[in-house]
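As a plain string of letters, each chain reads:
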Amino acid sequence: MVVMDNKSLILIIVGLGACLLATGFMYDYFFVSNTVFMKNQTFEDINVSVPSESIFFKNPNSDMYSSGGAYGVWVIPFNLNNSTYSSVDDFQNEFIKEDMSQVNISNLNANAKAFVLNNSKNDVAIIVVNNESNMAVIVRTTNGLDLAVKMANSVIFPN
């Protein structure tokens, strides 16, 4: 018969507890958590929070920036002073196509309009316009509504 003293028993219980706690944290991190860590990035003077692991490249012959990585994210800035588009509406019509329908989102910035592609909840484009209507940005993601709203609500236009 094996007899354990109190110190050994306490060490075994603490060790098992630590293992269970570590397993719980790893499960939450890898399987449950939907937290997207964000970073601020400037696109032609317009600041937008984007997923931190995203690296953006400007597409040739376009004002569109696209990212690689785990998230399908596109950012398209507009400035009336140096654009080929004559208005925000022309800009919006170029990038928000007829297969996208407008949706209402309660927690979205008042200067923003959201669109989804073919009623998908994953492919979302949001246009945010400044108060003077001379600057705008479209943020688009194939990673869902929450990420798109998070990016759109973070937009900061220069003064």
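All of these numbers come straight from a predicted model, not from anything done at the bench. (Residues numbered from 1 in each chain as written. Predicted model: local features only at pLDDT ≥ 70, side-chain atom pairs only at ≥ 80, totals over all residues. Heavy atoms only, no water.)

Peer 1: Explain the side chain of Asn 79 to me, using residue names and the numbers behind them.
Peer 2: Relative to the elements of secondary structure, Asn 79 occurs in strand S5 (residues 73–79). Looking at Asn 79, its side chain comes within polar contact range of the main-chain nitrogen of Asn 81, at 3.0 Å. In this structure, Asn 79 is in contact with Asn 134 and Met 135, ignoring residues within four places of it in sequence. (Helix = DSSP H or I, 4+ residues; strand = E, 2+ residues; numbered from the N terminus. Polar contact = N/O pair within 3.5 Å; in protein donor to acceptor, adjacent residues only side chain to side chain. Contact = heavy atoms within 4.5 Å.)

Peer 1: Give a description of the packing of aromatic side chains that names residues and reports values.
Peer 2: Counted according to the given criterion, the structure contains six aromatic pairs. Centroid distance Phe 43 to Phe 56: 5.1 Å. Interplanar angle 80 degrees. Geometry classified as edge-to-face. Here Phe 43, found in strand S1 (residues 38–43), pairs with Phe 56, found in strand S3 (residues 56–58); they are 13 residues apart in sequence, far enough to count as distant. According to the relative accessible area criterion, Phe 56 is buried, its value standing at 11%. (Phe/Tyr/Trp six-rings, centres within 6.5 Å; stacked < 30°, edge-to-face > 60°. Buried < 20%, exposed > 50% of the residue type's maximum accessible area, 1.4 Å probe, protein only.)

Peer 1: Give me the lowdown on unusual backbone geometry, citing residues and values where you can.
Peer 2: Not every positive phi belongs to a glycine, and Glu 44 is a case in point at roughly 50 degrees. Looking at the secondary structure, you find Glu 44 in the loop between S1 and strand S2 (46–51). Residue Asn 61 is not a glycine yet carries a positive backbone phi of 60 degrees. Its location among the elements puts Asn 61 in the loop between S3 and strand S4 (65–67).

Peer 1: Lay out the side chain of Ser 67 with the relevant residues and their values.
Peer 2: Along the chain, Ser 67 turns up in strand S4. Dropping the residues within four chain positions of it, Ser 67 is found in contact with Ser 54, Ile 55, Phe 56 and Val 73.

Peer 1: So what about the nonpolar core? Which residues, and what values?
Peer 2: Within the largest apolar cluster, 28 residues are counted, with the highest numbers of intra-cluster contacts made by Val 48, Val 75, Leu 108, Ile 126, Val 128 and Val 137. Of all elements in the fold, only S2, S5, strand S7 (112–117), strand S8 (124–129), strand S9 (135–141) and helix H3 (145–153) reach the threshold of two or more residues within this core. Not counting chain neighbours up to four residues away, the residues in contact with Val 137 comprise Ile 46, Val 48, Val 75, Ile 76, Pro 77, Ile 126, Ile 127, Val 128, Val 155 and Phe 157. Of all hydrophobic cores here, the second largest spans 16 residues; its members include Phe 95, Ala 125, Val 129 and Ile 138. (Core = buried A, V, L, I, M, F, W, Y, C linked by side-chain atoms within 4.5 Å.)

Peer 1: Break down the environment of Val 48 for me, with residues and values.
Peer 2: Along the polypeptide, Val 48 turns up in strand S2. A relative accessible area of 0% means that Val 48 is categorised as buried. Remark: the alpha-carbon pair of Val 48 and Ile 156, spanning 108 residues in sequence, is separated by 6.6 Å. Those residues within four positions of Val 48 in sequence are excluded, and the remaining contacts are Lys 39, Asn 40, Gln 41, Phe 43, Val 137, Val 139, Met 151, Ser 154 and Val 155.

Peer 1: Can you tell me about the pairing of S9, naming the residues and giving the values?
Peer 2: When you tally the buried positions in S9, you get six out of seven residues, the bulk of the element. Bridging between S5 and S9 involves seven bridges; their strand directions are antiparallel. Residue pairing in the sheet places Phe 78 in a bridge with Ala 136 of S9. For S8 and S9, the ladder comprises six bridges, and the chain directions are antiparallel. Residue pairing in the sheet places Val 124 in a bridge with Thr 141 of S9. Between S8 and S9, which pair antiparallel and follow one another directly, the connecting turn spans five residues, one of which, Ser 133, has a positive phi of 60 degrees. (Pairing = 2+ DSSP bridges.)

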